[in-house]
Amino acid sequence: MANIKKEFLIACYGTLKRGRSNNHILHGAEFIGETKTEEKFDLYDFGHFPALVEDGEKNITVEIFKVDEITLAMVDALEGYNNINPFYDRKTIETEFGDAYLYIIKDPKKYNSLVKTNLTNW
């Protein structure tokens, strides 16, 4: 019986991008390309990492990677997705490469001290 490998696209805008501190988690993932989101996000500075908030006004530069289930689970763990008290939510966005997962702040109202940047590329 054939072993069918599920693959997913993820859109990275911070420490998972090539050359950044957490890119090692994507070891073995295929870099697909760079693109921009729709103009509906804002980028916030959390010190050592950025975070996206939906309902903004900017198109953010993202790198698209093709990952398998194991790598997706590792990214989910890094981003705190699926935890009891998650920091990020995982949203599907349309890109020129196909639908991709993008991690956005789950509840931005929790973070009163968010520092909004004018950046579109972290």
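This text follows the structure it describes.
Residues numbered from 1 in each chain as written. Predicted model: local features only at pLDDT ≥ 70, side-chain atom pairs only at ≥ 80, totals over all residues. Heavy atoms only, no water.

Draft legend 1. Representation of the overall build of the protein chain. Each helix and strand counted, the protein chain has 1 helix and 8 strands in total. When its helices and strands are written in sequence order, the protein chain yields β-β-β-β-β-α-β-β-β. Its C-alpha atoms give the protein chain a radius of gyration of 14 Å, within 12% of the compact-globule value 14 Å for 122 residues. Seen along its three principal axes, the alpha-carbon backbone of the protein chain occupies a region of about 55 × 30 × 25 Å. By residue count, 44% of the 122 residues in the protein chain fall in the buried class. Considering only intrachain contacts with a sequence separation of at least 6, the fraction spanning at least 24 residues in the protein chain is 65%. As displayed, the protein chain has an accessible area near 7300 Å², and 47% of this comes from carbon and sulfur atoms. Here the protein chain carries 15 positive and 20 negative side-chain charges, and the mean point of each set is 2 Å from the other. (Helix = DSSP H or I, 4+ residues; strand = E, 2+ residues; numbered from the N terminus. Rg over C-alpha atoms; globule rule 2.2 N^0.38 Å. Buried < 20%, exposed > 50% of the residue type's maximum accessible area, 1.4 Å probe, protein only. Contact = heavy atoms within 4.5 Å. Areas by Shrake-Rupley, 256 points an atom, 1.4 Å probe, with all protein chains shown as cover. Lys, Arg positive; Asp, Glu negative; His and termini not counted. Charge placed at Lys NZ, Arg CZ, Asp CG, Glu CD.)

Draft legend 2. Expanded view of the environment of Y101. Residue placement: Y101 occurs in strand β7 (residues 98-105). On a C-alpha basis, the gap between Y101 and Y111 in space is 23 Å, while along the polypeptide they are 10 residues apart. Among residues more than four places away in sequence, those in contact with Y101 are F8, L9, I10, A11, L72, R90, K91 and T92.

Draft legend 3. Structural view of the sheet that holds strand β4 (residues 50-54). The 3 strands are arranged β4-β3-β8 in an open sheet whose pairing can be described as antiparallel. In this open sheet, the two strands that pair with only one neighbour each are β4 and β8 (115-116). Judged from the 5 bridges that link them, strand β3 (residues 41-45) and β4 form a sheet pairing that is antiparallel. Note on β4: the bridge partner recorded for D45 is P50. (Pairing = 2+ DSSP bridges.)

Draft legend 4. Broad picture of the sheet that holds strand β5 (residues 61-68). Pairing in this open sheet of 5 strands is mixed, and the strands run β2-β5-β1-β7-β6 from one edge to the other. Since the sheet does not close on itself, it has two edges, and those belong to β2 (30-36) and β6 (88-95), each with one partner. Here the strands of the sheet are splayed against their neighbours by 35 degrees on average, with no regard to which way each runs. Both strand β1 (residues 7-12) and β5 contribute to a ladder of 6 bridges, which runs antiparallel. Counterpart to E7 in the pairing with β5 is D68. This element, helix α1 (residues 69-79), spans β1, β5, β6 and β7 of the sheet and lies at about 130 degrees to β5. (Axes fitted to C-alpha atoms, helices over the stretch in contact; angles between N-to-C directions.)

Draft legend 5. Inspection of the environment of I93 at higher detail. With respect to the secondary-structure elements, I93 resides in strand β6. I93 sits in the buried class, given a relative accessible area of 8%. Between the alpha carbons of I93 and T37 there is a distance of 7.8 Å; along the sequence they are 56 residues apart. Other than its neighbours up to four places away in sequence, I93 contacts A11, T37, F41, G98, D99, A100 and L102.

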